[in-house]
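Observations on the model geometry
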Amino acid sequence: MSKRVDTKIIARSRWYAAYEAALVAECPRLAGKVDWDTANYFFHLGRDAKEAATLIARRFNEEHKPRCRHRDDGRGRCIDCDEFI
Ligand SMILES: [Zn+2]
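**Quick word on the packing of aromatic side chains**
For any pair of aromatic rings, the description rests on two quantities: the centre-to-centre distance and the angle between the ring planes. Scanning the model with the defined rule gives seven aromatic pairs in all. Their ring planes at 85 degrees and their centres at 5.6 Å tell us that tryptophan 15 and tyrosine 16 sit as a pair that is edge-to-face. Considered together, tryptophan 15 and tyrosine 16 belong to a single accessibility category, that of buried residues. Ring geometry for tyrosine 41 against phenylalanine 42: centres 5.5 Å apart, planes inclined by 75 degrees, an arrangement best described as edge-to-face. Looking at phenylalanine 42, the relative accessible area reads 6%, which means it is buried. Of the aromatic side chains, those joined through ring pairs into one cluster are Trp15, Tyr16, Tyr19, Trp36 and Phe43.

This is how it looks when you write it as structure tokens:
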């Protein structure tokens, strides 16, 4: 294995470690449940590990918050979440 590849592998594993740490810090429920496909995607985009993790943690928290009970604003839209109902 070439030196260049080694450096790449090290950089990659550092990125993944930073990503996981930031993700779990932001969203403890994701401990041990990291979606590595998504992580991989951000890694290849060249995104900052912490930035990517924060984005994913926020998305997860958003998706797993208690469901909105929806209150019609009278125009077919929910007052609370702005979704069409
Ligand atoms: Zn709603």
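**Looking at the coordination of the zinc ion**
Taken together, the protein ligands of the zinc ion are Cys68 (SG), His70 (ND1), Cys78 (SG) and Cys81 (SG), with distances of 2.0 to 2.3 Å. Considering all four donor atoms around the zinc ion, the spread of angles at the metal, 103 to 117 degrees, places the coordination shape in the tetrahedral class. Sequence positions of the donors to the zinc ion reduce to the motif C-x1-H-x7-C-x2-C. On the accessibility criterion, cysteine 68 (29% relative accessible area) is partly exposed. Classification of histidine 70 by relative accessible area gives partly exposed; the value is 27%.

Quick notes on the rules
Residues numbered from 1 in each chain as written. Predicted model: local features only at pLDDT ≥ 70, side-chain atom pairs only at ≥ 80, totals over all residues. Heavy atoms only, no water. Phe/Tyr/Trp six-rings, centres within 6.5 Å; stacked < 30°, edge-to-face > 60°. Buried < 20%, exposed > 50% of the residue type's maximum accessible area, 1.4 Å probe, protein only. Donors = N, O, S within 2.8 Å, 3.2 Å for Na, K, Ca; no water. Tetrahedral: all angles 85-135°; square planar, octahedral: opposite > 155°, others 65-115°.

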